[in-house]
Amino acid sequence: MAVIATLADVLNTDPSDIDPLYSTVDPDALDTFVQVHNRANGDTHVRFTHAGYAITVHSYGVVAITPEHEPTAESSERAEER
């Protein structure tokens with residue numbers, strides 16, 4: 001629910017107007033990923049695209065959303081290494 005709610009905020013639209021998350025990723029698996037996190041293990045994350053946006057869900061519950069075509073810091077670093 002947090003991913004769709006956050007994406008709806010970014011798009012300034014109602015969550016029901018966005019394609020269901022299950023068309024891209026298993027939402028139950030995503031919920032489990034966040035719920036079973038042990039902070040002692042550090043951060044892990046899942047990245048996927050949905051509705052034209054790159055979405056990163058961190059194991060500690062933070063959801064980051066950027067337009068799919070915008071470079072992330074990680075992709076910029078890889079490009080500089082080439």
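As shown above, the structure is provided for reference.
Residues numbered from 1 in each chain as written. Predicted model: local features only at pLDDT ≥ 70, side-chain atom pairs only at ≥ 80, totals over all residues. Heavy atoms only, no water.

## A short note on the environment of Thr-6
Okay, step 1: When you line up the elements, Thr-6 lands in helix α1 (residues 2–11).
Okay, step 2: Residue classification places Thr-6 among the partly exposed positions, given a relative accessible area of 27%.
Okay, step 3: Separated by 49 residues in the primary sequence, Thr-6 and Ile-55 place their C-alpha atoms 10.0 Å from one another. (Helix = DSSP H or I, 4+ residues; strand = E, 2+ residues; numbered from the N terminus. Buried < 20%, exposed > 50% of the residue type's maximum accessible area, 1.4 Å probe, protein only.)

## Quick notes on α1
Residue pairs spaced three or four apart in an α-helix point in one direction, given the helix's 3.6 residues per turn.
Okay, step 1: Where α1 is concerned, the buried positions are Val-3, Ile-4, Leu-7 and Ala-8. Each buried residue of α1 sits inside an arc of 130 degrees when the element is viewed along its axis, so together they form one side.
Okay, step 2: Backbone geometry just after α1 places Asn-12 at a positive phi near 55 degrees. (Arc of directions from axis to C-beta.)

## Points about the pairing of strand β3 (residues 63–67)
Okay, step 1: As judged from the five bridges shared by strand β2 (residues 53–58) and β3, these two strands associate in the antiparallel manner. Bridging from a neighbouring strand, Val-57 pairs with Val-63 of β3.
Okay, step 2: Taken together, β2 and the strand that follows it, β3, pair antiparallel across an intervening segment of four residues, in which Gly-61 is found at a positive phi of about 105 degrees. (Pairing = 2+ DSSP bridges.)

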